[in-house]
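# Summary of the model geometry
Next come the chains, spelled out residue by residue.
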Amino acid sequence: MAMSALNREFSFTIEPGQKRARLIIYKHGVENVCRKKNVDKLQQFLKSGEGPLIKDHLRFHKNALGISAPVKGG
């Protein structure tokens, strides 16, 4: 499991599964937000143009600059 730093406070990782992947954002090394998502939907999102992936407490938005993941209450 490789973790990517989002900024000084937050980091992000994906734990793969057979049909669903677990998307996790950590705050200072402690799991802050988690969401399970269908792998096919993730692949569609990565191949798509701009737009949101998840409309819940963990949101991923894609635009020309990259992918962002604002965390509510983070």
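Below or above, wherever it landed, is the structure these notes cover. Source: prediction; values computed, not measured.

Before going further, it helps to examine the overall build of the protein chain. Looking only at helices and strands, the protein chain has one helix and seven strands in total. Its helices and strands in sequence order give the protein chain the pattern β-β-β-β-α-β-β-β, from N to C terminus. Here the protein chain holds 74 residues, and the buried ones make up 26% of them. Pairs at least 24 apart in sequence give 14% of the contacts found in the protein chain among residues at least 6 apart. In the form shown here, the protein chain has an accessible surface area of approximately 5,300 Å², with 50% of it arising from carbon and sulfur atoms.

This paragraph deals with the pattern of salt bridges. Scanning all chains against the criterion turns up three salt bridges. E9 is paired through a salt bridge with K27; the nearest N and O atoms lie 3.7 Å apart. Note that E9 is positioned in the loop between strand 1 (4-5) and strand 2 (10-15) and K27 in strand 3 (residues 20-27), a separation of 18 residues in sequence. For E9, a relative accessible area of 32% corresponds to the partly exposed category. Notably, a salt bridge pairs E15 with R22, separated by 3.2 Å at the nearest N-O pair. A relative accessible area of 27% means that E15 is categorised as partly exposed. Ionic contacts of the salt-bridge type, sharing partners, join the residues E15, R22 and E31 into one network.

Within this model, the largest pocket holds a volume of roughly 220 Å³. Around the largest pocket, the lining residues are L6, F12, I14, L23, L42, F45, L46, L53, F60, I67, S68 and A69. Among the secondary structure elements, those contributing two or more residues to the lining of the largest pocket are strand 2, helix 1 (39-47) and strand 7 (66-68). With three residues, the single largest contributor to the lining of the largest pocket is helix 1. Across the lining of the largest pocket, the residue classes tally to 11 nonpolar, one polar and no charged.

Definitions and cut-offs
Residues numbered from 1 in each chain as written. Predicted model: local features only at pLDDT ≥ 70, side-chain atom pairs only at ≥ 80, totals over all residues. Heavy atoms only, no water. Helix = DSSP H or I, 4+ residues; strand = E, 2+ residues; numbered from the N terminus. Buried < 20%, exposed > 50% of the residue type's maximum accessible area, 1.4 Å probe, protein only. Contact = heavy atoms within 4.5 Å. Areas by Shrake-Rupley, 256 points an atom, 1.4 Å probe, with all protein chains shown as cover. Salt bridge = Lys/Arg side-chain N within 4 Å of Asp/Glu carboxyl O. 1 Å grid on protein atoms, 1.4 Å probe; cavity = no way out; pocket = protein on both sides within 12 Å on 5 of 7 lines; lining within 4 Å. Points joined across faces, edges and corners; volume = space filled by probe spheres on them. Nonpolar A, V, L, I, M, F, W, Y, C, P; charged D, E, K, R; others polar.

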